[in-house]
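For reference, the chains in residue letters:
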2 protein chains.
Amino acid sequence: MVRVGDEVSNKQVIFRDYVIGSPKESDMYLTTGTIKLKVPENSNAVLVKNLYLSCDPVMHFFMRKTTGLSKSGYIFYTPGSVTSSRYGVSKVLDSGHPEFKAGDLVWGITGWEEYTLITKTETLIKIQHTDIPLSYYTGILGMAGMTAYAGFYEVGAPKKGEYVYVSAASGAVGQLIGQFAKLEGCYVVGSAGSKEKVDLLKNRLGFDEAFNYKEEHDLNAALKRYFPESIDVYFEHVGGKMLEAVLLNMRHHGRIAMCGMISQYNLDEPEGIKNLIQVLYKWIHIKGYTHRNYYHLYPKFLDLVLPYIREKKLVYVEDIVEGLESGPAALVGLFSGRNFGKQVVVVARE
Amino acid sequence: MVRVGDEVSNKQVIFRDYVIGSPKESDMYLTTGTIKLKVPENSNAVLVKNLYLSCDPVMHFFMRKTTGLSKSGYIFYTPGSVTSSRYGVSKVLDSGHPEFKAGDLVWGITGWEEYTLITKTETLIKIQHTDIPLSYYTGILGMAGMTAYAGFYEVGAPKKGEYVYVSAASGAVGQLIGQFAKLEGCYVVGSAGSKEKVDLLKNRLGFDEAFNYKEEHDLNAALKRYFPESIDVYFEHVGGKMLEAVLLNMRHHGRIAMCGMISQYNLDEPEGIKNLIQVLYKWIHIKGYTHRNYYHLYPKFLDLVLPYIREKKLVYVEDIVEGLESGPAALVGLFSGRNFGKQVVVVARE
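Predicted model only: the values in this text are computed from it and were never measured. (Residues numbered from 1 in each chain as written. Chains lettered and ligands numbered in written order. Predicted model: local features only at pLDDT ≥ 70, side-chain atom pairs only at ≥ 80, totals over all residues. Heavy atoms only, no water.)

A. A look at helix 8 (residues 298-310) of chain B. Residue and element names in this part refer to chain B. Spanning 13 residues, helix 8 covers 18 Å between terminal C-alpha atoms, matching the ideal 18 Å at 1.5 Å per step. For helix 8, every residue scored as buried is listed here: Tyr-298, Phe-301, Leu-302, Val-305, Leu-306, Tyr-308 and Ile-309. Of the surrounding elements, those touching the buried residues of helix 8 are strand 5 (105-111), strand 7 (125-126), helix 2 (143-156) and helix 3 (174-183). Following helix 8 by one or two positions, Lys-312 has its phi on the positive side, about 60 degrees. (Helix = DSSP H or I, 4+ residues; strand = E, 2+ residues; numbered from the N terminus. Expected span 1.5 Å × (residues − 1). Buried < 20%, exposed > 50% of the residue type's maximum accessible area, 1.4 Å probe, protein only. Contact = heavy atoms within 4.5 Å.)

B. Expanded view of the domain arrangement of chain A. Residues and elements named next belong to chain A. The domain architecture assigned to chain A consists of domain 1 (7-139 + 317-346) and domain 2 (143-292). Placing a centre on the C-alpha atoms of domain 1 and another on those of domain 2 gives a separation of 28 Å. Domain 1 puts 25 residues into the contact, and the matching count from domain 2 is 19 residues. Contact between domain 1 and domain 2 buries roughly 1700 Å² in total, counting both sides, with carbon and sulfur atoms accounting for 55%. Summed over the shared surface of domain 1 and domain 2, the number is zero salt bridges. For the interface between domain 1 and domain 2, the tally reads four residue pairs in polar contact (both at pLDDT 80 or more). (Domains from an automatic or database assignment. Buried area = accessible area lost by both parts, 1.4 Å probe. Salt bridge = Lys/Arg side-chain N within 4 Å of Asp/Glu carboxyl O. Polar contact = N/O pair within 3.5 Å; in protein donor to acceptor, adjacent residues only side chain to side chain.)

C. Broad picture of unusual backbone geometry. Its identity is not glycine, yet Lys-312 of chain A carries a phi of approximately 60 degrees, on the positive side. Counting through the fold element by element, Lys-312 of chain A comes out in the loop between helix 8 (298-310) and strand 14 (318-322). Positive phi values are uncommon outside glycine, yet Trp-283 of chain B reaches one of about 55 degrees. Its location among the elements puts Trp-283 of chain B in the loop between helix 7 (277-281) and strand 13 (285-288).

See below:
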């Protein structure tokens, strides 16, 4: 049992250098440093013990040498520094911040390490409901949940009876969007990259239909088969060829809620979308969005999903790996679709 | 002077056959038929004498052999039939329709010919204000005006002080959007394809800045020069490389109102847009639209623009050619940017 003021060893996942192409395990390495478990005098930082860390496709974005995006407030990784998580669940050990005290559980941006001194506390949210598995705050009750909620209710906003398509549908966000769609009376089809994922979508998550995109040599034909009446709302997590096929199958006045393009992140040269003119022909509405623009809705979101989770009307599939040392492989696995549901790394269970 | 019931000769521009690539003059030919100037018994058609015909880029769209778009209600041209105008100004000679009577002036879809029996009367609107040049109902008070109005006020909706970019800015729609932007206190830059057009934008239409895109080998650099603070709202009439450059220069939460892609219509294989991921990074909003979805706003639109036209706060530049026989060349010229302002063909002046 550690105590405030102790100097302890701190296992860390270090980001080695900027990534070109797909991230590899060797882009990160493990090291062990030390940390004093105390917030410096006159600081409003928070010192936490990390419990659960989220693996998210967006982390690849922060690993690239990218300039010109500073206006958006993104924090890119620095080579030689600890990898940061978007997001993690942590326990406060010491706090100089009036809103957090020792013993509090929080979720927000933290480090891929055992203990983190969090100086940028803006993203920290105190966890109020602990009857729910704590790991859920890396997913359904965290960034993925907020992304799905904002995407479904604020951006795509499908109405009862509308035809909804979700790509990467068994992923952290997709599985929730599909379930929201069913709860709201939509017809929903999802695509994923393996038979097991397709079974998950149809049998556990309640999608009306699902297909394995890797087995479809003609995505346009596949979408025509699943959407003979075309698509009202598409939730875009993939990009590239999938987006082209979707554009051909959208309805007039269709909406595309865009929060990811995982097929494109690792390409040196992204695929060109050649039929964007469909947006013109069909008066399509495309909107890029991020959960970050909707945090003011977090309480409303909790009011909606907590009862659903407790009543088991909403299920959440996690792929949990144990130990910080499993982190790099788990993160890299996202880009080949190795994960089965939301990818979580357990650093410690309490 | 012709009379109702006369059988008269009727010069016509016939659409020869489906167009592949750019339209050519030879895709149309002139012929002279005859027409009886009388609406058939028990018909609610309208027989009109055509006065002014509009040349619009969208006509190329109707010349292509395109299937699968019938749901949108478009009427494609039929080889061997008269070319139809979107739109024209005509004088009613005879009418079986309760809303129109002989002597009325109307605008709507008519034929590229001297006289037309209009059976699909849904698009006809009676002209109430004749103190304005009648040709304006092919443009500023017709489809182009409604497109610009809907695009500016309903889709892009730039606010005072925002940075607005308009491509094809001296065209039928662009010149109006730029002027609306100035009337609403925006900063507006336009691009066009010749020095004369750039001068027009800056000196007569009141754009803050304008440039000749043909002289810019790096469109991204050009936009960075004209928009050091990036673009809030882009009015898209061009597509392709221009759209790619714009995406790099959009602000977060920027909006793109898309009503044309003239650079792409004539390509066998459209250019791919490789940086659509910017929509994701910057939470951009893209909306395809058509004037057709906003016709209920036509009275509101007239209330806004008629006083502006009368007070000369809004100017409209037309490129008027005389005679039906000049029509094919005028239409084809749109795709090389030969026109200077809104392209109109005069069939008869009254």
